[in-house]
Amino acid sequence: MYTILHNSRCGKSREAMKVLEDSGKEFEVREYLKEPLSKQELQAILSKLKLKPIELIRTNEDEWKTNFKGKDLSDDEVLDAMVQFPKLIQRPVVFDDKSGVVGRPKELVEVFIK
């Protein structure tokens with residue numbers, strides 16, 4: 001079973017959702033802005049993605065620029081930032097129990113779920 005971290009207001013996220021819907025495979029949707037992720041959940045997802053916390057940050061978001069840009073943050077502090085400001089999390093993210101992918105572009109999702 002797949003999970004998608006989804007933001008319905010994001011075009012890329014909607015494209016990834018359509019890929020999953022068209023695939024016929026089972027998946028669940030986690031609207032992470034409505035149902036924020038815990039620090040432990042983020043750590044587990046990052047482990048599946050094989051990414052460092054900073055690699056999952058949307059650095060062009062105002063929250064990042066205002067509160068964190070230019071600071072030398074530890075991985076733990078970056079995780080705390082994502083918990084406090086879920087909008088900072090890259091989207092869409094699609095994962096299963098073993099691995100995952102940031103679905104930008106949507107073709108990465110297509111390859112991942114095959």
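Above: the structure in question.
Residues numbered from 1 in each chain as written. Predicted model: local features only at pLDDT ≥ 70, side-chain atom pairs only at ≥ 80, totals over all residues. Heavy atoms only, no water.

A.B. asks: I'd like a rundown of the side chain of His6, residues and numbers included.
C.D. replies: When you line up the elements, His6 lands in the loop between strand S1 (2-5) and helix H1 (11-23). For His6, a relative accessible area of 6% gives the class buried. Apart from the residues within four sequence positions on either side, His6 is in contact with Ser13, Arg14, Met17, Val29, Arg30, Glu31 and Tyr32. (Helix = DSSP H or I, 4+ residues; strand = E, 2+ residues; numbered from the N terminus. Buried < 20%, exposed > 50% of the residue type's maximum accessible area, 1.4 Å probe, protein only. Contact = heavy atoms within 4.5 Å.)

A.B. asks: If you had to explain the packing of helix H2 (residues 39-49) against helix H4 (residues 75-84) to someone new, which residues and values would you point to?
C.D. replies: Direction vectors running N to C along H2 and H4 enclose 115°, while the axes themselves pass 9 Å from each other. When the axes of H2 and H4 are compared, the crossing they make is right-handed. Mapping the contact onto sequence places Lys39, Leu42, Gln43 and Leu46 in H2 and Asp76, Leu79, Asp80, Met82 and Val83 in H4. A breakdown of the residues in the contact of H2 with H4 according to their chemical character gives 5 nonpolar, 1 polar and 3 charged. (Axes fitted to C-alpha atoms, helices over the stretch in contact; angles between N-to-C directions. Left-handed = near helix turned anticlockwise from the far one by under 90°. Nonpolar A, V, L, I, M, F, W, Y, C, P; charged D, E, K, R; others polar.)

A.B. asks: Go over the pattern of salt bridges, please, and point to the residues and values.
C.D. replies: Counting across every chain of the model gives 8 salt bridges. As a salt-bridge pair, Glu61 and Lys87 come within 3.7 Å of each other at their nearest N and O atoms. One end of the pair, Glu61, is in the loop between H2 and helix H3 (62-67); the other, Lys87, is in the loop between H4 and strand S3 (93-95), with 26 residues separating them in the sequence. Judged by relative accessible area, Glu61 falls into the buried class, the value being 11%. Connected through salt bridges with shared partners, the residues Arg30, Glu35 and Glu41 form a single ionic network. (Salt bridge = Lys/Arg side-chain N within 4 Å of Asp/Glu carboxyl O.)

A.B. asks: Before we move on, could you go through unusual backbone geometry and cite the residues and values that matter?
C.D. replies: Only a minority of non-glycine residues have a phi that is not negative, and only a minority of peptide bonds are not trans. Omega for the peptide link from Arg91 to Pro92 comes to -10°, which places this bond in the cis form. Tracing the backbone shows Pro92 in the loop between H4 and S3. In the segment running from Arg104 into Pro105, the intervening peptide bond is cis, with an omega of 0°. Tracing the backbone shows Pro105 in the loop between strand S4 (100-102) and helix H5 (106-112). A positive phi angle, close to 60°, is found at Lys50, a residue other than glycine. Summarising the element assignment, Lys50 is placed in the loop between H2 and H3. Given the relative accessible area of 69%, Lys50 is considered exposed.

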